[in-house]
Amino acid sequence: MARNAKDVLRSPAFAALVRSKWTVSIVLTIALFVVYYGFILLIAFDKAALAQKVGQATTLAIPLGVGVIVLAWVLTALYVVWANGSHDAQVKKLRDEVKS
Amino acid sequence: MTALLTLLENAAPAVAAAAASGAAAAVPAVQSSLGKPTAASIGFFFVIVVLTLVITWWAARRTKSASEYYAAGRSVSGFQNGLALAGDYMSAASFLGIAGLVATKGYDGMIYATGWLVGWPALMFLVAEPLRNLGKYTFADVVAFRLQQTPVRIAAAIGGILTVLVYTTAQMVGAGNLIRLMFGISFEVAVVAVGVVMLAYVLFGGMIATTWVQIIKAVLLLLGVTVLTLMVLSKFHFSPGELYGAVAAKYGQSALEPGGLVSNPLDAVSLGLALMFGVLGLPHILMRFYTVPDAKAARKSVLVATGFIGYFYIIIPIVGFGAAALLPGLTEGGLGRELITSFDKGGNMAAPLLAEHLGGTAFLGFIAAVAFATILAVVAGLTLAGASSLSHDIFVSVIKKGKATEQEQVAVARTATIVFGTIAVLLGMVFKQQNVAFMVGLAFAVACSANFPSLLMSIVWKKCTTAGAVTSILTGAVLALTLIIIGPTVWVDVLKHEKAIFPLKNPALVSMTAAFIVGILVSLMAPEKRASDMFEDEKLRTYLGIGAE
């Protein structure tokens, strides 16, 4: 492996890149768990709460179910926004260092 | 449905009930052309088949190298791949099954819908980018990257092929029954028709044709369901609240409340794990990530796929509630649910019947053709994944030790495609009369227990060894298979025993956890120096994409 590559691998900047990638990933995965399992366990343990009406006939369960799907997508979008921003800039910088 | 009904079973009740109800179906008082081939359904069917075969012919001329056959030459854009992923994933079970479930059981169908989506964000966070950077054609490329090729490839191929075979069987049996219900042709003819058309795509057009078939299917399916949703809402002044009011007026408020679906929390947690991490171990989904040029495009594909799939699962319950509220009953003043279950006890015909009721025979023909395209696209993706595992993982990597020419690789890939396609048709025939409800659940259980743990460990864990990965895959596969068989879904529902030996309907909680524990313990017991040394080097490729193919 080229000397540049070894230098980059051992650099604090690369270590920080890997660390931030997994921090973001794990935080978002936990958020996904909270959203989905929160919903499922609420159904399992408190059906009455979900049967409350929020409209003429509409139950709270309906907007919550839609909410789980929307939130799952929002979490995905948050990851993309983060990755396309600072993360990609840092990836590009380190790639250039390896190739120079 | 007293206990937690596996979310994944929705393909199945369909299938089992369809088989049972076919002969005994009462003749409904309401006239419907469902089950009879009409000019419209045949017309749309031919348009779709001809269009996709023309694309296959075009794709075939661009499919010469192995990279073109397996990965469309990595020329698919992030947006296109997102649509294709949606087309690869949204099965007839999600379309007809969830609409039918909401129509006949009410709110519980919506719980299914949420479960089917949550794997996608997890796929993005945990594996999408490293998978793209490290692999070439199959997910086994990633697992075997720094480990010993032969044992890891064989184990990964076992996990991968098992997943794909089980999933394919469920799809083929479902296809035979659904097409029989919609077009009135026999089960065998339907299965062979699916097999032949799908083989034409994959055999000649490889991944390029498969990608475009999946894109076309996704667009048609999203379009069809959107139009159906708008038609339903137009009857209620575009107010979902009014629709729910109409449902409650006919079936009582309980149709809008959670019912018996989630009653055992442990079962619900286990099933949730299978749904969430199963997607991260489905070979036909993972393989699609190699069709895009880089990790950034892989990221975009997941966002697009999650958006379309999420949109689909949000609107499909409206179709289901619409069918319950708007369809006439069997007799004057009867309920729509009676009509739906008179065609198919599993409720699968709710969406087609609603399409006919609101848009006439022509729209029914369109929806039936879309359902057919849906089945084709999913089976094509599965066949390509199964074939690539046989040819790339076993023949090229294990038998030829990676030394095969491009021509050899493509020739073997095509042979493997014929083998796999034939097996798919045969499996459909063999399991014709069987209750295959458990098979979709089994596919997700094997995917999350056998494929996902080794994939994740090989990406993130330096100390992961060959022995660790192999034992993890085998533990996950064997446990998932055994526990499903001795659990309620097979032991009680299929084999008719009194009581299940293993209490959970989906074994993921046990089998996936065990696969991780075994993989970790075995890796720690006998360190593999070469594998941990290579881990540092592969990081440049994992995180920066340097050297990625």
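In this report, we go over the structure that sits alongside the text. Please read these numbers as outputs of a predicted model, since none were measured by experiment.

Along chain A, the regular secondary structure elements total 4 helices and 0 strands. Its C-alpha radius of gyration of 21 Å places chain A more than 25% over the 13 Å reference for a compact globule of 100 residues. Once the C-alpha set of chain A is aligned to its principal axes, its extents read approximately 70 × 20 × 15 Å. Within chain A, contacts between residues separated by at least 24 positions form 63% of all contacts whose residues are at least 6 apart in sequence.

Moving on, we come to helix α22 (residues 529-544) of chain B. Residue and element names in this part refer to chain B. The first and last C-alpha atoms of α22 sit 24 Å apart over 16 residues, in line with the 22 Å expected at 1.5 Å per residue. At D537, α22 shows its largest bend, some 40 degrees. Positive phi shows up at G545, right after α22, with a value of about 75 degrees.

The subject of this paragraph is the environment of B:N451. Residues and elements named next belong to chain B. Relative to the helices and strands, N451 is located in helix α18 (residues 437-460). Residue N451 is classed as buried on the basis of its C-beta count, with 30 C-beta atoms lying within 10 Å. The sequence separation of N451 and G281 amounts to 170 residues, and the corresponding C-alpha distance is 5.0 Å. Setting aside anything within four residues of it in sequence, one finds N451 in contact with F139, G159, G160, T163 and G281.

Let's shift gears to the interface of chain B and chain A. Taken together, the contact between chain B and chain A spans 40 residues of the former and 45 residues of the latter. Among the elements of the structure, α6 (108-117), α7 (119-134), α11 (240-251), α12 (265-278), α14 (295-326) and α22 of chain B are those that each provide at least two residues to the side of chain B that touches chain A. Tallying contributions element by element places α14(B) first for the side of chain B that touches chain A, with 9 residues. Along the lines of polarity and charge, the residues of the side of chain B that touches chain A split into 26 nonpolar, 8 polar and 6 charged.

All names here are of chain B. Although it is not a glycine, F238 adopts a positive phi angle of roughly 55 degrees. With respect to the helices and strands, the residue F238 is situated in the loop between α10 (187-234) and α11. Phi is positive for K496, which is not a glycine, with a value near 60 degrees. Mapped onto the fold, K496 is located in the loop between α20 (488-492) and α21 (508-525).

Quick look at the packing of α7(B) against α14(B) now. Residues and elements named next belong to chain B. Viewed as axis vectors pointing N to C, α7 and α14 meet at an angle of 155 degrees, and their least axial separation amounts to 9 Å. Taken together, the axes of α7 and α14 are roughly antiparallel relative to one another. Considering how the two elements wind past one another, α7 and α14 form a crossing that is right-handed. Residue-level contacts link W120, P121, L123, M124, A128, E129, R132 and N133 of α7 to A295, A298, R299, V302, A305, T306 and I309 of α14. Its residues assigned to classes, the contact of α7 with α14 comprises 10 nonpolar, 2 polar and 3 charged.

Reading the values: rules and limits
- Residues numbered from 1 in each chain as written.
- Chains lettered and ligands numbered in written order.
- Predicted model: local features only at pLDDT ≥ 70, side-chain atom pairs only at ≥ 80, totals over all residues.
- Helix = DSSP H or I, 4+ residues; strand = E, 2+ residues; numbered from the N terminus.
- Rg over C-alpha atoms; globule rule 2.2 N^0.38 Å.
- Contact = placed C-beta atoms within 7 Å.
- Expected span 1.5 Å × (residues − 1).
- Bend = angle between axes of the 7 residues up to and from the residue.
- Buried ≥ 20, exposed ≤ 12 C-beta atoms within 10 Å, placed from the backbone.
- Nonpolar A, V, L, I, M, F, W, Y, C, P; charged D, E, K, R; others polar.
- Axes fitted to C-alpha atoms, helices over the stretch in contact; angles between N-to-C directions.
- Parallel < 35°, antiparallel > 145°, perpendicular 65-115°, else oblique.
- Left-handed = near helix turned anticlockwise from the far one by under 90°.

None of the figures reported here should be taken as evidence of function without further support.
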